[in-house]
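Examining the three-dimensional arrangement
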Amino acid sequence: GTQRLAKMVEPRDEDAALAASAAGLALHAVVLDDFKSYSGRVVAEFNSRGIIAIVGPNGAGKSCLVEGICFALGLDLRSMRAQNLKALVNRTGRDDGVACAVSCVFRARSGAGALCVQRRAIAPADGPARSEFRVQSCSCGSFGWGVEHDQLPWPCDQCEVRVARRSELKALLLRELQLDVDRPDTFVVQQSACASIAQQTPLELLCFIEDFARTAHLRRGVEAEAATVGRLRASLAALGASLSRACAERTRRSPALDAAEELEACRLRLEAAKGAHLRLEIHHLSRAAARHEQAKAALHTALEAARGALQASRAREKEAAEA
């Protein structure tokens, strides 16, 4: 029958604000059918929108749950500590156990939208094993997923469930979840790598976490901004130094500049005095010319009067001689 992982899967909501700020789909549930140590159907629901912690004693199935997620997403069998598909099928108490399946249900953090990815391994004891992928992408908003849901594990009873090739699944996961299943080290940490990770320096560990959380581009952006700020500060310092040198040069040249300014002022005053003197000379010459013209006119008048008197005198003399 269907089992619930009640105590083993405990959500933590401390970072709900951080999770709510992220866009896209979040893992909502994992359904395991006869997968490794899980006999029958086991459902793990993650109702938290924050950080999810999986806790439990040794042998409770924590690693198998993570390996089931890796299996559903199409990772290599080495990520599941298995040599072949047959090693994944739980045959406990069953003579007909020939298949196992794991389904991962993702739900939109806000608004409508869901995605279910299922991988089924068919591994008969006396024949070759194979696996197939099935996906359902729902955007109609009819999310009705639940343990008692008739369509378990499919979240929607209206959208189509289709068989997909691994290449199609890879493209879908890369587009919807930004997961590259060919690079599992970017989103899954294997137990075998924990010891080497624990030996890293704090800076190496920080870089590892940033790469794992896909925030390395933010750090690179901050570093680029810091470099830009450093260049601006250097330019500002150079500009300040140039300004200081200019001020010092101006202070050194100040007496010479004052003398030059005084000389220029004297030159301007001299030019003004020359202009005034020239205008006065022109005025005097104009008046002298006017007086000369007046004397010339008076002389001409006197000359004409004398000439008239001479002619009159000559005329009288002539008349006297004729008489």
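In what follows, the accompanying structure is described. Since the structure is predicted, the reported quantities are computational estimates derived from the model, not experimental observations. (Residues numbered from 1 in each chain as written. Predicted model: local features only at pLDDT ≥ 70, side-chain atom pairs only at ≥ 80, totals over all residues. Heavy atoms only, no water.)

1. Points about the overall build of the chain
Under the convention used in this document: Put simply, DSSP H or I for four residues or longer makes a helix, DSSP E for two residues or longer makes a strand, and each gets a number counted from the N terminus. Buried, partly exposed and exposed residues are distinguished by accessible area as a fraction of the type maximum, computed with a 1.4 Å probe on protein chains only: under 20%, between the cut-offs, and over 50%, respectively. Whether two residues touch is decided by their heavy atoms; if any such pair falls within 4.5 Å, the residues are in contact. The Shrake-Rupley method, run with a 1.4 Å probe sphere, supplies the accessible areas, and residue values consider only the shown protein chains as cover.
When its secondary structure is counted, the chain shows seven helices and nine strands. In the chain, buried positions account for 28% of the 323 residues. Partitioning the contacts of the chain with sequence separation of at least 6, the portion at a separation of at least 24 is 60%. Surface summary for the chain: the accessible area is close to 21,000 Å², and the carbon and sulfur share equals 56%.

2. Some points on the packing of aromatic side chains
Heads up, the rule is: The pairing test for Phe, Tyr and Trp rings, Trp by its six-membered ring, is centres within 6.5 Å, and the orientation test on the planes gives stacked under 30 degrees, edge-to-face over 60, and tilted for anything in between.
Taken as a whole and judged by the stated rule, the model has one aromatic pair. An angle of 35 degrees between the planes, with centres 5.5 Å apart, marks the rings of Phe35 and Phe71 as tilted. With Phe35 in the loop between β3 (25-33) and β4 (41-45) and Phe71 in helix α2 (residues 62-72), this pair connects stretches of sequence that are 36 residues apart. Residue classification places Phe35 among the buried residues on the basis of a relative accessible area of 0%.

3. Looking at the pairing of β4
Rule in force here: By this definition, two strands are paired if DSSP reports at least two bridges between them.
In terms of burial, β4 is largely enclosed, as four of its five residues are buried. Here β3 pairs with β4 via five bridges, running antiparallel. Opposite Ala29, over in β4, you have Glu45 as the bridge partner.

4. Quick look at unusual backbone geometry
Phi is positive for Lys36, which is not a glycine, with a value near 50 degrees. With respect to the secondary-structure elements, Lys36 resides in the loop between β3 and β4. Accessibility expressed as a relative area gives 16% for Lys36, which makes it buried. Positive phi, close to 55 degrees, is recorded for Arg81, a residue that is not glycine.

5. Brief notes about the environment of Ile54
With respect to the secondary-structure elements, Ile54 resides in strand β5 (residues 52-54). A relative accessible area of 28% means that Ile54 is categorised as partly exposed. In the structure, Ile54 is positioned 11 residues away from Leu65 in sequence and 9.1 Å away in space, judged by C-alpha atoms.

6. As for the pattern of salt bridges
Where charged atoms from two side chains of opposite charge come close, those side chains can pair. Formally: Basic side-chain nitrogens of Lys or Arg form a salt bridge, by our definition, when they fall within 4 Å of a carboxyl oxygen of Asp or Glu.
Under the defined criterion, the tally for this structure stands at 10 salt bridges. Across the pair Glu304 and Arg307 runs a salt bridge whose closest N-O atoms are separated by 3.5 Å. Of the two residues, Glu304 and Arg307 are both situated in helix α7 (residues 254-322); the distance of three residues between them amounts to about one turn of the helix. Taking the relative accessible area as the measure of exposure, Glu304 reaches 36% and is therefore partly exposed. Accessibility expressed as a relative area gives 42% for Arg307, which makes it partly exposed. Salt bridges sharing common partners tie together Lys36, Glu67 and Arg81.

7. Here we look at the environment of Pro184
Tracing the sequence through the fold places Pro184 in the loop between α3 (166-176) and α4 (194-198). A residue is classified by how much of its surface remains accessible, and Pro184, at 24% relative accessible area, is partly exposed. Taking C-alpha positions, Pro184 is 10.0 Å from Gly74, a pair spaced 110 residues apart along the chain.

8. With respect to the pairing of strand β8 (residues 130-138)
Bridge count for strand β7 (residues 114-122) against β8 is nine bridges, and the pairing is antiparallel. For Cys116, the partnering residue across the bridge sits in β8 and is Gln136. Note that β8 and strand β9 (residues 162-164) share three bridges and pair antiparallel. Bridged to Phe133 within β9 is Ala164.

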